[in-house]
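Listed here are the chains, written in short residue letters.
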Amino acid sequence: AIVAASEDHELGIEICDRALGLYDADKHPPEDLRWLHAQRVRATLGSGENEAALAYLDAHATELDAAVVHETRLLALFALGRPADALALIERWRATEGDTLQVLRLAVRTYRENGRLAEMDAALEGLRRLAPADPRVRVYAIIQTLLAGREAEARAQIDAYVFRFGGDLKNFSTLSP
């Protein structure tokens, strides 16, 4: 819990490395090992060591859940300014995993970063179909639309959000940064 909540990524890496050194397959479930590797690679990514995060993923991919591998690899590729590589990865992931909330959320960003706004819009529509009552999906759409430079469309989405989910404080706090 300390590692996941910490903003001191170097400390997180150190804690994970120590815990991984103490891991004993005879005493601990494999889920613990997967969790430790996931925390370690996320801390590495959080520290800005994107190439090191990719190397860690390559070295431990079989010990991690596929979704963790793909998402972390995408985030590292974004951070390294390699949107074309991220696009190739998201296309492969969508082909094998299908359109889950996680895959579509990352597809939206990937398409936006590659300037493929029609595909971004289609992925956003897919998110809305999968989770029509989840206000977080609408907020994500607003943010991605703003980041795509489409302010007027984002303003219309904000109006639709307020109309759909109401103007109470809880819904506004979801919408605020």
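Everything in this summary refers to the structure shown in the same document. (Residues numbered from 1 in each chain as written. Predicted model: local features only at pLDDT ≥ 70, side-chain atom pairs only at ≥ 80, totals over all residues. Heavy atoms only, no water.)

The next point concerns the overall build of the protein. Along its length, the protein carries eleven helices and zero strands. Put simply, the protein runs from its N terminus to its C terminus through helices and strands in the order α-α-α-α-α-α-α-α-α-α-α. For the protein, the C-alpha atoms occupy an extent of roughly 55 × 35 × 25 Å along the three principal directions. Considering the protein as a whole, with its 177 residues, one finds that 39% of them fall into the buried category. Sequence-distant contacts in the protein: of pairs separated by 6 or more residues, those separated by 24 or more amount to 47%. (Helix = DSSP H or I, 4+ residues; strand = E, 2+ residues; numbered from the N terminus. Buried < 20%, exposed > 50% of the residue type's maximum accessible area, 1.4 Å probe, protein only. Contact = heavy atoms within 4.5 Å.)

Take the layout of surface pockets next. Once rolled over the atoms, a probe with the size of a water molecule shows which space is left empty. The computed volume of the largest pocket comes to approximately 150 Å³. Lining the largest pocket are Leu 101, Gln 102, Arg 105, Leu 127, Ala 131, Asp 134, Arg 136, Val 137 and Tyr 140. (1 Å grid on protein atoms, 1.4 Å probe; cavity = no way out; pocket = protein on both sides within 12 Å on 5 of 7 lines; lining within 4 Å. Points joined across faces, edges and corners; volume = space filled by probe spheres on them.)

Another point: the pattern of salt bridges. Considering all chains together, one arrives at 16 salt bridges under this definition. The shortest N-O distance in the salt bridge between Asp 17 and Arg 40 comes to 2.7 Å. With a gap of 23 residues between them, Asp 17 in helix H2 (residues 9–22) and Arg 40 in helix H3 (residues 30–46) connect regions that are remote in the sequence. With its nearest N and O atoms 3.3 Å apart, the salt bridge here joins Arg 105 to Glu 71. Of the two residues, Arg 105 sits in helix H7 (residues 101–113) while Glu 71 sits in helix H5 (residues 66–79), which places them 34 residues apart along the sequence. Classification of Arg 105 by relative accessible area gives partly exposed; the value is 29%. (Salt bridge = Lys/Arg side-chain N within 4 Å of Asp/Glu carboxyl O.)

Now for H5. The terminal C-alpha atoms of H5 lie 20 Å apart, and with 14 residues this matches the ideal 20 Å at 1.5 Å per residue to within 8%. When H5 is considered as a whole, its buried residues turn out to be Val 68, Val 69, Glu 71, Thr 72, Arg 73, Leu 74, Ala 76, Leu 77 and Phe 78. In the core, the buried residues of H5 are packed alongside H3, helix H4 (50–60), helix H6 (83–97) and H7. (Expected span 1.5 Å × (residues − 1).)

What follows concerns the environment of Asp 26. On the secondary structure map, Asp 26 appears in the loop between H2 and H3. Overall, the relative accessible area of 77% leaves Asp 26 in the exposed class.

Let's shift gears to the environment of Ala 76. Mapping Ala 76 onto the fold places it in helix H5. Classification of Ala 76 as buried rests on a relative accessible area of 0%. Setting aside its immediate chain neighbours within four residues, Ala 76 contacts Leu 45, Asn 50 and Leu 54.

Over its 14 residues, helix H8 (residues 117–130) extends 20 Å from the first C-alpha to the last, a length consistent with the 20 Å expected when each residue adds 1.5 Å. Along H8, the residues classified as buried are Met 120, Ala 123, Leu 124, Gly 126, Leu 127 and Arg 128. Its buried side turned inward, H8 meets H7 and helix H9 (135–147).

Following the criterion strictly, the structure yields one aromatic pair and no others. With a centroid separation of 5.1 Å and an interplanar angle of 45°, the aromatic rings of Tyr 161 and Phe 165 are classed as tilted. Here Tyr 161 pairs with Phe 165, and both are found in helix H10 (residues 151–165), just four residues apart, close to one helical turn. Across this residue pair, the class does not change: Tyr 161 and Phe 165 are buried. (Phe/Tyr/Trp six-rings, centres within 6.5 Å; stacked < 30°, edge-to-face > 60°.)

No statement about biological role is implied by the geometric values presented.
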